[in-house]
Amino acid sequence: HPFLTALEVRMSEHEGELGGSSYWNAFPALAPLALVPDRPLALAETFARRHYAEMAEQGGGTAFSLVAEAWWNFGSFAGSFLVGLLAAALLLILEATAASGTSPVLARTLPYFTFLCVIAHRSESAVLLKQTVSIALPIAVVVVLADLLQPVLERRNHRARPASSH
């Protein structure tokens, strides 16, 4: 459970020792190890290899936590404040964008991204980034295709309609 992992991190690691490195490493950690074997490991991978080497060798890992990650990166106060501030800012931006009506796709996917924010304590930044990309990328492709097809379909429908006799 991520809360048990957070307790383990608190007892076995040094507060603030990462200095934000796991957040920077979250982006290159998106790459599959099979394609980029020397990419930085996600924090949960690092933790599992350090404390559960046998499980990590078999491909297993630990449930990690954004709260533990923030503590390990920035300490008790700054880490907790950062997690809360970023989650609140993300939720406010998502809500404002969805409420503006400018993005029907965002309005439809808002529950998923809100769910990610709410359960973020069960993951680390690299995992959340992977989940967001895996959802957002297909959505972006569908939106672009719809934008490209819309004029073609409108022209087709316009030609198919008989001229009205007024």
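Structure's up top.
About the criteria used
Residues numbered from 1 in each chain as written. Predicted model: local features only at pLDDT ≥ 70, side-chain atom pairs only at ≥ 80, totals over all residues. Heavy atoms only, no water. Axes fitted to C-alpha atoms, helices over the stretch in contact; angles between N-to-C directions. Helix = DSSP H or I, 4+ residues; strand = E, 2+ residues; numbered from the N terminus. Parallel < 35°, antiparallel > 145°, perpendicular 65-115°, else oblique. Left-handed = near helix turned anticlockwise from the far one by under 90°. Contact = heavy atoms within 4.5 Å. Nonpolar A, V, L, I, M, F, W, Y, C, P; charged D, E, K, R; others polar. Polar contact = N/O pair within 3.5 Å; in protein donor to acceptor, adjacent residues only side chain to side chain. Expected span 1.5 Å × (residues − 1). Buried < 20%, exposed > 50% of the residue type's maximum accessible area, 1.4 Å probe, protein only.

Asks: So what exactly am I meant to see when it comes to the packing of helix 1 (residues 2-12) against helix 5 (residues 66-74) here?
Replies: Helix-helix packing is described using two parameters, namely the angle between the two axes and the distance between the axes. Where helix 1 meets helix 5, the closest approach of the two axes is 8 Å, and the angle between their N-to-C directions is 15°. In terms of their interaxial angle, helix 1 and helix 5 are classed as roughly parallel. The two elements helix 1 and helix 5 cross, and the hand of that crossing is right-handed. On helix 5, the residues that touch Ala-6, Val-9 and Arg-10 of helix 1 are Ala-68, Trp-71 and Trp-72. Counted by class, the contact of helix 1 with helix 5 contains five nonpolar, no polar and one charged residues.

Asks: It is not clear to me how the environment of His-51 should be interpreted in this structure. Could you clarify?
Replies: Along the chain, His-51 turns up in helix 3 (residues 43-51). On a C-alpha basis, the gap between His-51 and Thr-62 in space is 9.8 Å, while along the polypeptide they are eleven residues apart. A polar atom in the side chain of His-51 sits 2.6 Å from the side chain of Glu-13.

Asks: Sorry if this is basic, but what is going on with helix 6 (residues 76-100) here?
Replies: The periodicity of an α-helix, 3.6 residues per turn, causes residues three or four positions apart to be oriented the same way. With 25 residues, helix 6 extends 36 Å from end C-alpha to end C-alpha; this agrees with the ideal 36 Å at 1.5 Å per step. Those residues of helix 6 lying buried are Gly-79, Leu-94 and Ala-98. Where helix 6 terminates, the next one or two residues include Gly-101, which has phi positive at roughly 75°.

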